[in-house]
Amino acid sequence: EYSYGFRLWNAGFFPEARQQLTRYVEQYPNHARISFGRNLLGRAFLDDKMPKEAAQWFLKNYQANKSGDRAPDSLLYLGASMIAIAFGYVLQLSG
């Protein structure tokens, strides 16, 4: 389910990716790749110009496991989300 969500996100189908990734993080909260799932869910919001929702997922991912695989990425994108909220635009970060 994570892989399908990733493919949807990568293809730019952000609402569909969010739906799939939400299902993944709810059904598999203890999965080894949960940090990837929560982070990518945040990315799906951020890339769809929804930084407030994105920030919630990035923060949740970092707080859930500060040493998680995508915890550093989540901090980076949390910062990008906060800039977007404050200034009304979304930074284009490669990644």
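All of these numbers come straight from a predicted model, not from anything done at the bench. (Residues numbered from 1 in each chain as written. Predicted model: local features only at pLDDT ≥ 70, side-chain atom pairs only at ≥ 80, totals over all residues. Heavy atoms only, no water.)

**Some details on unusual backbone geometry**
Even without a glycine there, the phi angle at K49 is positive, about 60°. Mapped onto the secondary structure, K49 falls in the loop between helix 3 (34-47) and helix 4 (51-64). (Helix = DSSP H or I, 4+ residues; strand = E, 2+ residues; numbered from the N terminus.)

**Regarding the pattern of salt bridges**
Counted under the stated rule, the structure contains 3 salt bridges. Here D47 makes a salt bridge to R43, at a shortest N to O gap of 3.9 Å. Of the two residues, D47 and R43 are both situated in helix 3; the distance of 4 residues between them amounts to about one turn of the helix. Given the relative accessible area of 7%, R43 is considered buried. (Salt bridge = Lys/Arg side-chain N within 4 Å of Asp/Glu carboxyl O. Buried < 20%, exposed > 50% of the residue type's maximum accessible area, 1.4 Å probe, protein only.)

**Some remarks on the packing of helix 3 against helix 4**
Two elements in contact, helix 3 and helix 4, have axes separated by 7 Å at closest approach and are oriented at 165°. Our classification of the angle between helix 3 and helix 4 gives roughly antiparallel. Relative to helix 4, helix 3 is oriented so that their crossing is left-handed. Across the interface between the two elements, I34, S35, R38, N39, L41, G42, R43, F45 and L46 from helix 3 touch P51, E53, A54, W57, F58, K60, N61 and A64 from helix 4. Grouping the amino acids of the contact of helix 3 with helix 4 by side-chain chemistry returns 9 nonpolar, 4 polar and 4 charged. (Axes fitted to C-alpha atoms, helices over the stretch in contact; angles between N-to-C directions. Parallel < 35°, antiparallel > 145°, perpendicular 65-115°, else oblique. Left-handed = near helix turned anticlockwise from the far one by under 90°. Contact = heavy atoms within 4.5 Å. Nonpolar A, V, L, I, M, F, W, Y, C, P; charged D, E, K, R; others polar.)

**Comments concerning the environment of G68**
Topologically, G68 is positioned in the loop between helix 4 and helix 5 (71-87). Residue class for G68 comes out buried when judged on its relative accessible area of 8%. Between the C-alpha atoms of G68 and P15, which are 53 residues apart in sequence, the distance is 25 Å.

**Observations concerning the side chain of R38**
The topology assignment puts R38 in helix 3. The buried charged residue R38 lacks any salt bridge partner; its closest oppositely charged side chain belongs to D69, at an N-O distance of 9.6 Å. Every residue in contact with R38, bar those within four places of it in the chain, is listed here: V25, W57, K60, N61 and A64. (Lys, Arg positive; Asp, Glu negative; His and termini not counted.)

**Quick look at the environment of K52**
Note on placement: K52 falls in helix 4. Judged by its relative accessible area of 57%, K52 falls in the exposed class. In this structure, the C-alpha to C-alpha distance between K52 and I85, residues 33 residues apart in sequence, is 6.7 Å.

Scope: geometric values only; no functional claims are made or implied.
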